[in-house]
Amino acid sequence: MTIKFPAFFIFCILVMTSSSGLTQDLVLPLYPEGIPCASQLKEEIFEVRNTGRRVQKVQHPELAVYRAPANLATGASVVICPGGGYTVLAWDWEGTWMAEWFNSFGVDAFVLKYRLPRWESEDCRSNVALMDAQRAVRLVRSKAQEWQIDPNRVGVMGFSAGGHLASTLSTHFDAGKPNDPNEMARYSCRPDFSILMYPVISMDTTFGHTGSRRNLIGENPDPELEIFFSNEKQVTQETPPTILIHASDDGGVLPENSIVYYQALLRNEVPAALHIYESGGHGFSFAEGKGSVEQWAETVKIWMENQGLLNTKIKVLIVEGQNNHKNWMETTQIMQEQLLSSGLFAVDVIRTPTKEENKIGKFSPDFSRYDVVVSNYNGELWSEQTRKNFEDFVRAGGGFVSVHAANNAFAQWPAYNEMIGLGGWEGRTEKDGPYVYYNKEGELIRDESPGPGGHHGRQHAFTIELRDTSHPITAGLPKKWLHAKDELYDQLRGPALNMNVLATAYSDPETGGTDRHEPMLMTLHYGLGRIFHTTLGHLNESQEHIGFKTTFLRGVEWAATGKVTQEAGEW
Ligand code: ZN
């Protein structure tokens, strides 16, 4: 007996097996809460020889997620809008195959299945595609932390009519409404960069694309709608940096579309690049074997590099697991969120065994995989091998950041005390090094007199005063600021070699202090390694303060790279 498959089933198999072995991690619906302007369309997928799958009559708009391999990830991401005249989507040809290419150089890609005006009701047809593209960018930003992508490097790429959609998004966006009850609406939908491939730009009847125009705004459109969707008329200084790719012999969408958009970008002083190749026609995708136009992909990649879009993230390891501060899990989380929200860092957290487990000897992280280690640890001494690994890591140029009680740890470990410069408690005395502070005359004092190391008065809000305003970590910051409630460490002792005091705070006898200006923020060197030491951060609210956050984020970047690219921000 033979089993005959129904014809439609065979068709489905064809579709399923035609995806060139692409692995799609995930598909996200754009509107889990319910689709605005929902239709009763029944989606169709069909295969076109050599160019892959096409999709039409989209009913459920979604994002197909293509993550870059972790070892290549740059933090940049792009929403891809395939073309097809607002009638169909060239799903593979101008979608998933592009996504795979972006992944190959560390860019996360999201192929947008947007609704197609051609099939929509007259009430909805002009709105749905833009609505979907805006939502797509918000959705990607909402995942920034979970996926470790940079919310400030989310771009858009569009082909042909998808290029119209991408340029419409680039000229019609909002910054998000912070208090909107719908969480998604709180995120900005402005793309940070645009890649426009043989795009339809204008609704102008002399050089615009007739089919896209008809599908989007109808045969006899309202003139206002015509201007609204003529994106060369909508460019402002807020329009993102853009690269346009076109071919001179494009008979489908005339190169004038790219040219007028490019001119509008120039008028508005938006960084812009325009490459028009001598031939290539329309809808060339990668343009393999089509002559010089085949270079476009490399050109776009180099453009992205030059825009700083492909800078890789700084790899941070936060060490935690033992601490006399009961809120250590919370402070780790606060620091982790601050690092991730800046978009500059990829963060791992490693937890040591607890004291009760009595297995600290087994703690052996591979520090060498990171650019910088942040310690939120104050506990048992690590094994000799782990200590040596850490010393080797910093000596060879690895960064280290010591936060608050991390400078209480390891009184018995000389190299560690050299790294942090000054420490407290755990039996520290004059044998460990001098007290270091500023006196009222503004002189830096190294005081060798005997006595215990490490003390603090009552918790209170206090003023931080910069002593070095030219260091990359402190440049551009207020000379003084009122810090949140915190513990003001005083009488720290240590070798204090190669140490630069960036900021101090006056330790007032009124609150149980020393009447000295105590070091709060320090930088040090150990071998080739850079160390940032912040004594701040006892309470959650201490760490959430702008002064802690800014100096911490800048300190981590500086310890990792020797530079600070972060702005001083709003204080
Ligand atoms: Zn404390």
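Residues numbered from 1 in each chain as written. Predicted model: local features only at pLDDT ≥ 70, side-chain atom pairs only at ≥ 80, totals over all residues. Heavy atoms only, no water.

## What about the overall build of the chain?
Then, in step 1: Along its length, the chain carries 14 helices and 24 strands.
Then, in step 2: If you line up the chain on its principal axes, its C-alpha atoms span 90 × 70 × 45 Å.
Then, in step 3: Approximately 24000 Å² of the chain is accessible, and the part contributed by carbon and sulfur atoms is 50%.
Then, in step 4: Across the chain, the mean location of the 51 positive side-chain charges is 3 Å away from that of the 70 negative side-chain charges. (Helix = DSSP H or I, 4+ residues; strand = E, 2+ residues; numbered from the N terminus. Areas by Shrake-Rupley, 256 points an atom, 1.4 Å probe, with all protein chains shown as cover. Lys, Arg positive; Asp, Glu negative; His and termini not counted. Charge placed at Lys NZ, Arg CZ, Asp CG, Glu CD.)

## Notes on helix H9 (residues 296-306)
Then, in step 1: Three or more residues of H9 are buried, namely Trp296, Ala297, Thr299, Val300, Trp303 and Met304. Viewed along the axis of H9, the buried residues span an arc of 160°, placing them on a single side of the element.
Then, in step 2: For H9, the secondary structure elements touched by its buried residues are helix H2 (92-104), strand S8 (154-159), strand S9 (194-197), strand S10 (242-247) and strand S11 (272-277).
Then, in step 3: Taken from the residues just after H9, Gly308 is the one with a positive phi, measuring 75°. (Buried < 20%, exposed > 50% of the residue type's maximum accessible area, 1.4 Å probe, protein only. Arc of directions from axis to C-beta. Contact = heavy atoms within 4.5 Å.)

## Overview of the nonpolar core
Then, in step 1: Ranked by size, the top nonpolar core spans 86 residues in total, and within it Phe102, Leu112, Ile195, Trp296 and Met304 carry the most contacts.
Then, in step 2: Sorting elements by how many residues they give to this core places helix H3 (residues 128-142) first, with seven residues.
Then, in step 3: Setting aside anything within four residues of it in sequence, one finds Phe102 in contact with Val78, Ile80, Val107, Ala109, Met157, Ile195 and Met304.
Then, in step 4: Judged by nonpolar contacts, the second largest core, of 35 residues, contains Val374, Ile473, Ala505 and Val564. (Core = buried A, V, L, I, M, F, W, Y, C linked by side-chain atoms within 4.5 Å.)

## Here we look at the coordination of the zinc ion
Then, in step 1: Within the first shell, the zinc ion binds the protein through His325 (NE2), His404 (NE2), Glu487 (OE) and His538 (ND1), at distances of 2.0 to 2.1 Å.
Then, in step 2: One way to put it: the four donor atoms around the zinc ion meet at angles of 91 to 156°, and that makes the site irregular.
Then, in step 3: For the zinc ion, all donor residues lie on one chain, and their spacing in sequence is H-x78-H-x82-E-x50-H. Placement of the pair is His325 in the loop between strand S12 (314-320) and helix H10 (328-342) and His404 in the loop between strand S15 (399-403) and helix H12 (414-420), with a sequence separation of 79 residues. (Donors = N, O, S within 2.8 Å, 3.2 Å for Na, K, Ca; no water. Tetrahedral: all angles 85-135°; square planar, octahedral: opposite > 155°, others 65-115°.)

## Points about the sheet that holds strand S3 (residues 52-56)
Then, in step 1: Pairing is antiparallel in the open sheet, where three strands are placed in the order S2-S3-S6. At either end of the open sheet lies a strand with only one pairing partner, and these are strand S2 (44-48) and strand S6 (88-89).
Then, in step 2: Sheet topology places S2 next to S3; five bridges connect them, and they run antiparallel. Bridge pairing links Glu44 to Gln56 in S3. (Pairing = 2+ DSSP bridges.)

## Let's talk about the pattern of salt bridges
Then, in step 1: One pass over the structure, following the stated rule, counts 21 salt bridges.
Then, in step 2: The partner of Glu43 in a salt bridge is Lys113, and the shortest N-O contact between them spans 2.8 Å. With Glu43 in the loop between strand S1 (26-29) and S2 and Lys113 in strand S7 (residues 108-113), this pair connects stretches of sequence that are 70 residues apart.
Then, in step 3: On the basis of relative accessibility, which here comes to 7%, the residue Lys113 falls in the buried class.
Then, in step 4: Two residues, Lys440 and Asp515, come together in a salt bridge whose shortest N-O distance is 2.8 Å. Within this pair, whereas Lys440 is found in the loop between strand S16 (435-438) and strand S17 (444-447), its partner Asp515 is found in the loop between strand S22 (499-506) and strand S23 (517-526), the two being separated by 75 residues in sequence.
Then, in step 5: Residue Lys440 is classed as exposed on the basis of its relative accessible area of 54%.
Then, in step 6: Put simply, Lys388, Glu391, Asp392 and Arg395 are held in one network by salt bridges that share partners. (Salt bridge = Lys/Arg side-chain N within 4 Å of Asp/Glu carboxyl O.)

## Structural notes on the confidence of the model for the chain
Low-confidence regions, as indicated by low pLDDT, have predicted coordinates that should not be scrutinised in detail.
Then, in step 1: On average, residues of the chain carry a pLDDT of 94, and 96% of them reach 70 or more.
Then, in step 2: Note on residues 1-23: pLDDT is under 50 here. Beyond four places in sequence and across chains, it has 15 contacts. (pLDDT = per-residue confidence, 0-100.)

## So, the sheet that holds S9
Note on sheets: strands pair through backbone hydrogen bonds, and any given pair is parallel or antiparallel.
Then, in step 1: Reading across from one edge, S1-S4-S7-S5-S8-S9-S10-S11 is the order of the eight strands in this open sheet, with mixed pairing throughout. Looking at strand neighbours, the two that pair on one side only are S1 and S11, the edges of this open sheet. Between one strand axis and the next, the sheet turns through 20° on average, direction left out of account.
Then, in step 2: Relative to S11, S10 runs parallel, the two sharing six bridges. Note on S11: the bridge partner recorded for Thr242 is Ala272.
Then, in step 3: Relative to S8, helix H5 (residues 161-171) is tilted by about 145°, and along the sheet it contacts strand S5 (77-81), S7, S8 and S9. (Axes fitted to C-alpha atoms, helices over the stretch in contact; angles between N-to-C directions.)

## Focus on the layout of surface pockets
Then, in step 1: Of the volumes computed, that of the largest pocket is approximately 520 Å³.
Then, in step 2: Along the walls of the largest pocket sit 18 residues, with Asn311, Leu344, Glu557, Thr565 and Gln566 positioned nearest its centre.
Then, in step 3: Across the lining of the largest pocket, the residue classes tally to three nonpolar, nine polar and six charged.
Then, in step 4: There are two domains that each give the lining of the largest pocket at least three residues, and those are domain 1 (59-306) and domain 2 (314-561).
Then, in step 5: Counted as a void, the second largest pocket has a volume near 440 Å³.
Then, in step 6: Elements with a minimum of two residues in the lining of the second largest pocket: S12 and strand S13 (345-351).
Then, in step 7: With three residues, the top contributor of residues to the lining of the second largest pocket is S13.
Then, in step 8: Residues of the lining of the second largest pocket, tallied by class, amount to nine nonpolar, four polar and six charged. (1 Å grid on protein atoms, 1.4 Å probe; cavity = no way out; pocket = protein on both sides within 12 Å on 5 of 7 lines; lining within 4 Å. Points joined across faces, edges and corners; volume = space filled by probe spheres on them. Nonpolar A, V, L, I, M, F, W, Y, C, P; charged D, E, K, R; others polar. Domains from an automatic or database assignment.)

## Topic: the pairing of S3
Then, in step 1: When you tally the buried positions in S3, you get four out of five residues, the bulk of the element.
Then, in step 2: Hairpin connection of S2 to S3: three residues between the antiparallel strands, including Asn50 at a positive phi of 70°.
Then, in step 3: With two bridges connecting them, S3 and S6 associate as antiparallel partners. Residue pairing for S6: Val55 is matched across the bridge by Leu89.

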